[in-house]
Amino acid sequence: MSIFKSNRLIIVFTTALLNALLLACSCHSKNSTKVDKFYTDKGEWDSARLPLIKPYEAIIVSKESGWSVNLDGLDGDTGFQNTDKVNVLNGVILLHSVNSILHGVDSIKETWHIIVPAKHLEKGFATHADYSNYIKQLGIKQEPKLHDINLVAAYYEDHDIINWNAIDY
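Here the residue numbers are simple positions, counted from 1 along each chain's written sequence. Per-residue local features of the predicted model are confined to residues with pLDDT of at least 70, and side-chain atom pairs are confined, for both listing and counting, to 80 or more; whole-chain, interface and lining totals are unaffected and use all residues. Remark: hydrogens and water are excluded; side-chain values derive from all non-hydrogen atoms of the structure.

A. How the structure looks around the side chain of His96. Inspection of the secondary structure puts His96 in strand β5 (residues 92-102). For this analysis, a polar contact is any N or O atom pair within 3.5 Å, provided that within protein one partner can donate a hydrogen and the other can accept it, and provided that sequence-adjacent residues contribute only side-chain to side-chain pairs. Only 2.6 Å separates the side chain of His96 from the side chain of Asp84, close enough to count as a polar contact. With residues up to four places along the chain from it excluded, the contact list for His96 reads Asn82, Thr83, Asp84, Lys85, Glu110, Thr111, Trp112 and Leu146. Every helix listed is a DSSP run of H or I at least four residues long, and every strand listed is a run of E at least two residues long, numbered separately from the N terminus. Note on contacts: a residue pair qualifies if any of its non-hydrogen atoms lie within 4.5 Å across the two residues.

What follows is the structure, encoded as structure tokens:
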């Protein structure tokens with residue numbers, strides 16, 4: 001084999017390898033921009049977080065304080081603690097908490113919350129009946145199951161993103 005053919009073979013091989021590397025890098029950068037970091041960030045070293053629908057999230061610092069959910073204060077509340085059940089369905093966040101705060105009243109035995117970020121809607125309820133009626137007003141015919149928030153956290157830890165349809169199954 002002549003030196004010319006050998007050099008040409010090296011150039012072709014090197015070019016093919018560089019093209020493959022560039023393609024791999026460009027595919028990685030395209031995929032990494034598809035998912036908003038809000039939905040993949042798991043929190044700080046001293047806390048954990050679950051993304052719901054941006055900007056809503058559940059955060060836990062200690063088991064004693066339980067999972068807290070932030071609100072924008074649209075219904076008068078800025079957040080609540082002790083969230084034990086949650087679901088996200090078609091742009092609607094559904095939550096249940098125990099021994100929480102609702103409209104400034106502390107230690108309500110049970111509360112339910114419905115959040116629709118796209119409609120700037122945050123509603124809290126002290127009775128399951130009021131919660132169920134409001135779900136129907138939103139056009140949701142059958143009341144969705146609420147998932148244990150610790151199962152959601154375990155799923156998120158294992159999968160790095162939350163597929164709400166795959167939890168509990």
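Moving on from the model shown.
B. Representation of the pattern of salt bridges within the structure. By convention in these notes, a salt bridge is any Lys or Arg side-chain nitrogen within 4 Å of a carboxyl oxygen on Asp or Glu. Going through the model one piece at a time under the given rule, you end up with two salt bridges. Of the charged contacts, one joins Asp36 and Lys54 as a salt bridge, the two residues approaching to 2.8 Å between their closest N and O atoms. Here Lys54 lies in the loop between β1 (48-51) and β2 (57-60) and Asp36 lies in the loop between α1 (3-32) and β1, a separation of 18 residues in the sequence. For the exposure calls, accessible area comes from a 1.4 Å probe over protein chains only, and a residue counts as buried if that area is under 20% of its type's maximum, exposed if over 50%, partly exposed in between. For Asp36, a relative accessible area of 32% translates into the label partly exposed. Lys54 sits in the partly exposed class, given a relative accessible area of 45%.

C. A look at unusual backbone geometry. A cis amide bond links Lys54 with the next residue in sequence, Pro55, at an omega value of 10°. Here Pro55 is to be found in the loop between β1 and β2. For Asn90, which is not glycine, the phi torsion reads 50° and is therefore positive. With respect to the helices and strands, Asn90 occurs in the loop between β4 (79-89) and β5.

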